[in-house]
Amino acid sequence: MPLSSSDQQLVQDMIDSATRAQRGDFKVNAEMTLSRVNALMGTKLLSGQENKAGEIAIEMLVRLEATEQNKLFRTKRRLQLVQMYLGA
């Protein structure tokens, strides 16, 4: 299930107001969340909350990487991360 525009904006606002160190923490937390969600997928169907946590983590990683790269990179990377972690 895709994130709502308000969830997407919340992620962007967090990134915009964060320091470089905080952005690094966001990245580590998002990667850990995706690892947990990926492990859970191997054992059960994800709940709505678990699925949303994975989607938010992907959004966070994609937007963080886009601030370092470019906006076109974002769409391609989102698809890669969804396939890698959520198996869609």
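Read on for an overview of the structure.

Here is what the cut-offs are and how they apply
Residues numbered from 1 in each chain as written. Predicted model: local features only at pLDDT ≥ 70, side-chain atom pairs only at ≥ 80, totals over all residues. Heavy atoms only, no water. Helix = DSSP H or I, 4+ residues; strand = E, 2+ residues; numbered from the N terminus. Rg over C-alpha atoms; globule rule 2.2 N^0.38 Å. Buried < 20%, exposed > 50% of the residue type's maximum accessible area, 1.4 Å probe, protein only. Contact = heavy atoms within 4.5 Å. Salt bridge = Lys/Arg side-chain N within 4 Å of Asp/Glu carboxyl O.

Some details on the overall build of the protein chain
Stage number 1. Regarding its fold elements, the protein chain presents four helices and zero strands.
Stage number 2. Reading the protein chain from its N terminus to its C terminus gives the helix and strand order α-α-α-α.
Stage number 3. In terms of C-alpha radius of gyration, the protein chain reaches 13 Å, essentially the compact-globule figure of 12 Å for 88 residues.
Stage number 4. Along the longest, intermediate and shortest principal axes, the C-alpha atoms of the protein chain span 35 × 25 × 20 Å.
Stage number 5. Out of the 88 residues belonging to the protein chain, those deemed buried represent 32%.
Stage number 6. A separation threshold of at least 6 residues defines the contact pool for the protein chain, and within that pool the share at least 24 residues apart is 61%.

Regarding the pattern of salt bridges
Stage number 1. Taken as a whole and judged by the stated rule, the model has three salt bridges.
Stage number 2. Put simply, Asp7 and Lys52 hold a salt bridge, and the shortest N to O gap is 3.1 Å. With Asp7 in helix H1 (residues 5–17) and Lys52 in helix H3 (residues 48–68), the pair connects residues that are 45 residues apart, well separated along the chain.
Stage number 3. With a shortest N-O distance of 2.4 Å, Arg63 and Glu59 are connected by a salt bridge. Within this pair, Arg63 and its partner Glu59 are both found in helix H3, separated by four residues, close to a single helical turn.
Stage number 4. With a relative accessible area of 3%, Glu59 lands in the buried category.

Everything listed here is a matter of coordinates, which is why it stays silent on function.
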